Each structure stands twice: as structure tokens, then as C-alpha cells.
Amino acid sequence: MKSKVLLMGKSSAGKTSMRSIIFANYIARDTMRLGATIDVEHSHVRFLGNLVLNLWDCGGQASFMENYFTSQREHIFKNVEVLIYVFDVQSDTKSDDIAEYTSCLEAIREFSPDAKVFCLVHKMDLIPVDQRDAVFAERSEELQVLSEGLSIACHPTSIWDETLYRAWSAIVYSLIPNISVLEAHLENFCEMCEADEVVLFERATFLVISHATRKTHHDEHRFEKISNSLKSYKLCCSKSMTQFDSIEIRNSKFAAFLDKFTSNTCIMVIMSDPTVSPTAMDINIQVAKSHFEAYVSIRK
């Protein structure tokens, strides 16, 4: 089951950098050596067994964009499930950016009217902290008006913090057709373990797929921060030619367990009781693993 995902935006908006961080294990500072994308670069990323993201990274140079809207129009925009359009928040060619985004929407309405649209207002780290909310709100409102009639979501992003993981987790979440079934099973597991929270990550990217929560938490960005930290730890292990199978974190207030789960996921279980037995938790995860492999798979 392949889901066609278009990644578009003007040249130097940051499309290839974010793709490389999420899917190719780059760290932010290493993206500076990436060159411009020529025409369209295709990649296939497997999620949760049968779901494959067919990602089209479309070069943003003017000559390529013109071809997308003319000679390649049907080829590019037909059967699209998700359009991701990346805006450089400091771009001084805003009028051209909006014009090309409008052309994308016209083609999507013609060839893929049911596609979901995600607008990423990128490089937010370049905006002073006290102005970011206002700048994003203004840009988001403008994009919502332009995208009337389509399913659209806007996200502020930067390659230097967890916002990138938040946006891409939302994108992947939108592509999982049986997410309600997955969430129901995850909530049952959380209840039976008497856990505060259970989080399911995609194993290669550490994007958050789903979670179940029994206790109120005040940090709404906690999942993306965990994704960012786990990805960094994974890269450190790779540099030393090792891999981690599981992680246990424990202090006087909580215990957290991260373990490989299904063939494409990892699971994190957070408990308020710091004295919980790691052996008992490992048994719970192993029993749930076979259940999730058997009953929770990607289906149209």
C-alpha cells in the first residue's frame, strides 16, 4: 500500500534538509553540505508493515516548477494523498511563493481533490522568540484562506528543534487508515499495565505514531522532544558501531522503558512507580508485541 506524498516549495526553502534529518539520519549541522534537488527525487519509506510512503521531493527552481504545472502536471499531481508545501518564513519573494502554492492547489483540486495539505512555515528559528507566534498565526491565516475547500494543516518548523518531528509525526499519523483501531489497542495496553503513558514510535525515524495517556502532562511538546533525543542517541550508537535494543530510565519519581515492539515500531512505557520490576514490564511488552503484530496492521 503506497501513499504518494509530494514535498514542494521554492528552492532553498529547506525541503531536502528536513527530509534528510527525518529519513536519512542526518543531524542539523550536516545538512549544510546538501546540494539543490534536481527535478524530482523519489524515495520509499516503509511504515508499520504494509504502509509505504512514496515521497517525491520536487526541486524548487523556477524552471522545474514551471514544468510541474505544465508538461508534467498530471504526472506530478495525480493520485496524491498528501501535499507538503514548505515556506521559508523569511523569504523576500513571498508573492512568488504564494503564486506557486496557489498553482499547486489548483492542480491538486483537479487531480487529487481528496489530498491532505500540510503547510510547513520553516526556519522559524530565524524569527525572534517573542515574535514567532504572531508571525506564524499571520502566515497560517493567509494559507487557510487560500486553501479553502481542501483539508489543510499548518505547522511552524525548524531543523534545530523538536518542531520538525511534531509536524512530520502529524503527517504520518494522517496516512494511517486504521489509526482508531491502533489507538484502542494501545489504550487497553496502557490500562492493563497501569502506566501513566504509552507512546508508539516508528523504529527508523522515531516519529510518534500514536500514544495513550492516563495522567495529565503539561508539556505538549514532550513526544517530539523524546523523538529528537532518541534519534540523537541512535546516531551516537551508530558512530560507535553499536545498536540499542532497549533503554531503561529510572529516578525517584518515575520509571520509563523503551523497547523494540513490532517489526517497524518501538514502544515507550512511562510509570509513576519507580520500583516497578523491569522483568515484569518486559514480559508485558513481549506479550503485547505478538498481539499487535497479529491484530493491528495497516489496512485500507
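- As recorded in an unreviewed UniProt entry, the protein goes by Ras-like GTP-binding protein A and comes from Thecamonas trahens ATCC 50062.
- Its UniProt record gives the protein the following Subcellular location (unreviewed entry) comment, quoted word for word: "Cytoplasm".
- Recorded in UniProt for the protein, the comment headed Sequence similarities (unreviewed entry) runs: "Belongs to the GTR/RAG GTP-binding protein family."

### Here's the deal with the overall build of the protein
Then step 1. Assigned secondary structure in the protein consists of nine helices and 11 strands.
Then step 2. For a compact globule of 300 residues, the expected C-alpha radius of gyration is about 19 Å, and the protein comes in at 20 Å, within 12% of that figure.
Then step 3. Its C-alpha atoms give the protein principal-axis dimensions of about 60 × 40 × 40 Å.
Then step 4. Buried residues in the protein amount to 49% of all 300 residues.
Then step 5. Long-range contacts, defined here as pairs at least 24 residues apart, represent 67% of the contacts in the protein between residues at least 6 apart.
Then step 6. For the protein, the computed accessible surface area is about 14400 Å², with 51% contributed by carbon and sulfur atoms.
Then step 7. Taking the 31 positively charged and 40 negatively charged side chains of the protein as two groups, their mean positions are separated by 5 Å.

### Describing the domain arrangement of the protein
Then step 1. What the domain assignment reports for the protein is domain 1 (2-175) and domain 2 (179-296).
Then step 2. In this structure, domain 1 and domain 2 have C-alpha centres spaced 29 Å apart.
Then step 3. In this complex, domain 1 contributes 18 residues to the contact, which on the side of domain 2 involves 19 residues.
Then step 4. The contact between domain 1 and domain 2 buries some 1800 Å² in all, and 62% of this surface belongs to carbon and sulfur atoms.
Then step 5. When the buried area of domain 1 at its contact with domain 2 is split by residue, Tyr165, Arg166 and Tyr173 rank highest and sum to 35% of it.
Then step 6. Linking domain 1 with domain 2 are one salt bridge, by the criterion used here.
Then step 7. With its nearest N and O atoms 3.3 Å apart, the salt bridge here joins Arg166 to Glu224.

### Remarks on the packing of aromatic side chains
Then step 1. Applying the stated criterion to the full structure yields seven aromatic pairs.
Then step 2. Between Phe23 and Trp168 the ring centres are 5.4 Å apart and the planes differ by 85°, which places this aromatic pair in the edge-to-face class. Residue Phe23 is located in helix 1 (residues 15-23), and its partner Trp168 is located in helix 6 (residues 163-175); the two are separated by 145 residues in the primary sequence.
Then step 3. Phe23 sits in the partly exposed class, given a relative accessible area of 21%.
Then step 4. Where Phe201 meets Phe206, the ring centres are 6.2 Å apart and the plane angle is 65°; that geometry is what we call edge-to-face.
Then step 5. The exposure class of Phe201 is buried, given its relative accessible area of 0%.
Then step 6. One Lys or Arg, Arg222, reaches over the ring of Phe223 and ends 4.4 Å from the middle of that ring.

### Notes on the state of the cysteines
Then step 1. Summed over all chains, the structure comprises zero disulfides.
Then step 2. Counting only cysteine sulfurs, Cys193 is the nearest neighbor of Cys190, a cysteine outside any disulfide, at a range of 7.5 Å.
Then step 3. Overall, the relative accessible area of 1% leaves Cys190 in the buried class.

Reading the values: the criteria
Residues numbered from 1 in each chain as written. Predicted model: local features only at pLDDT ≥ 70, side-chain atom pairs only at ≥ 80, totals over all residues. Heavy atoms only, no water. UniProt positions renumbered as here; feature names shortened; annotations may be inferred. Helix = DSSP H or I, 4+ residues; strand = E, 2+ residues; numbered from the N terminus. Rg over C-alpha atoms; globule rule 2.2 N^0.38 Å. Buried < 20%, exposed > 50% of the residue type's maximum accessible area, 1.4 Å probe, protein only. Contact = heavy atoms within 4.5 Å. Areas by Shrake-Rupley, 256 points an atom, 1.4 Å probe, with all protein chains shown as cover. Lys, Arg positive; Asp, Glu negative; His and termini not counted. Charge placed at Lys NZ, Arg CZ, Asp CG, Glu CD. Domains from an automatic or database assignment. Buried area = accessible area lost by both parts, 1.4 Å probe. Salt bridge = Lys/Arg side-chain N within 4 Å of Asp/Glu carboxyl O. Phe/Tyr/Trp six-rings, centres within 6.5 Å; stacked < 30°, edge-to-face > 60°. Lys NZ or Arg CZ within 6 Å of the ring centre and 35° of its normal. Disulfide = S-S within 2.5 Å.

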